[in-house]
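Understanding the architecture of this molecule
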Amino acid sequence: MSDCIFCKIAAGEIPATVVYEDELVIAFDDVSPQMPVHTLIVPKEHYRDIGDGIPDALMGHLFNTVKKVAELKGVASSGYRVIVNTGDDACQTVHHVHVHVLGGAPMNSGSPAL
Ligand code: AMP
Ligand code: ZN
């Protein structure tokens, strides 16, 4: 998608602080972090949201990348939260599916508010 900001990050066309990258996914720090650790993982191929027909193998790879990112960001043992905002009621603002990985400090049941 030519006007998608996460497609542009995946293509290296706009800068991001890349945490992890392989042939299928890229993980980069959120530009507006809601926690000390706030990293986004996205498939390099464009899918609108988690309900957009992502193949099982890619979905599995996307979510298995969470553990790698948590380790790289130093929150694997302390704990972290994984959020996938989907659609209007969830306030999805970037319509390229992305997994938020949040951590680095204790959270309560209602925070962070994304
Ligand atoms: P969501 O509300 O789930 O769609 O989250 C979109 C996230 O993308 C927000 O947390 C934004 O801060 C983040 N974001 C938007 N543009 C960029 C960017 N260029 N680089 C990194 N993160 C971004
Ligand atoms: Zn995209």
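Moving on, we get to a nonpolar patch on the surface. Nonpolar side chains collect at one region of the surface, where I50, F63, Y80 and V82 lie side by side and expose about 290 Å² of accessible area between them. Topologically, F63 is positioned in helix α2 (residues 56-72).

With that out of the way, let us pick up the coordination of the zinc ion (ligand 2). C4 (SG), C7 (SG), H46 (ND1) and H96 (ND1) make up the full set of protein donors to the zinc ion (ligand 2), lying at 2.0 to 2.3 Å. With four donor atoms in place around the zinc ion (ligand 2) and angles of 104 to 117 degrees between them, the coordination shape is tetrahedral. Read in sequence order, the donor residues coordinating the zinc ion (ligand 2) give the pattern C-x2-C-x38-H-x49-H. With C7 in helix α1 (residues 5-10) and H96 in the loop between β4 (80-83) and β5 (99-103), this pair connects stretches of sequence that are 89 residues apart. The same class applies to C7 and to H96, which are both buried.

Turning our attention to α2. Compared with an ideal rise of 1.5 Å per residue, which puts 17 residues at 24 Å, α2 spans 25 Å between its outermost C-alpha atoms and is within 8% of the ideal. All of the buried residues along α2 are L58, H61, L62, T65, V66, V69 and A70. On its buried face, α2 sits against β1 (18-21), β2 (25-29), β3 (37-43), β4 and β5. Phi turns positive, to about 80 degrees, at G74, one or two residues after α2.

This paragraph deals with the site of ligand 1. Lining the immediate environment of ligand 1, one finds 16 residues, of which D30, N85, T93, H98 and H100 sit closest. At 3.1 Å from an oxygen atom of ligand 1 is found a main-chain nitrogen or oxygen belonging to C91. One of the backbone N or O atoms of V94 is found 3.0 Å from an oxygen atom in ligand 1. For ligand 1, the accessible surface in isolation is 510 Å², of which the surrounding protein chains cover 83%. With respect to the detected pockets, ligand 1 is housed in the largest pocket. Breaking the shell around ligand 1 down by element, the ones donating at least two residues are α1 and β2. The biggest single contributor to the shell around ligand 1 is α1, with three residues.

Right, let's get into the side chain of T65. In this fold, T65 is placed in helix α2. A distance of 2.7 Å separates a polar atom in the side chain of T65 from the backbone oxygen of H61. Every residue in contact with T65, bar those within four places of it in the chain, is listed here: Y20, V25 and I41.

Criteria and thresholds
Residues numbered from 1 in each chain as written. Chains lettered and ligands numbered in written order. Predicted model: local features only at pLDDT ≥ 70, side-chain atom pairs only at ≥ 80, totals over all residues. Heavy atoms only, no water. Patch = residues over 30% accessible without salt bridge, like charges linked within 9 Å, V, L, I, M, F, W, Y side chains within 5 Å. Areas by Shrake-Rupley, 256 points an atom, 1.4 Å probe, with all protein chains shown as cover. Salt bridge = Lys/Arg side-chain N within 4 Å of Asp/Glu carboxyl O. Helix = DSSP H or I, 4+ residues; strand = E, 2+ residues; numbered from the N terminus. Donors = N, O, S within 2.8 Å, 3.2 Å for Na, K, Ca; no water. Tetrahedral: all angles 85-135°; square planar, octahedral: opposite > 155°, others 65-115°. Buried < 20%, exposed > 50% of the residue type's maximum accessible area, 1.4 Å probe, protein only. Expected span 1.5 Å × (residues − 1). Contact = heavy atoms within 4.5 Å. Near = heavy atom within 4 Å. Polar contact = N/O pair within 3.5 Å; in protein donor to acceptor, adjacent residues only side chain to side chain. 1 Å grid on protein atoms, 1.4 Å probe; cavity = no way out; pocket = protein on both sides within 12 Å on 5 of 7 lines; lining within 4 Å. Sits in = over half its atoms within 2 Å of the grid points.

Everything listed is a geometric property; what it means functionally is a separate question.
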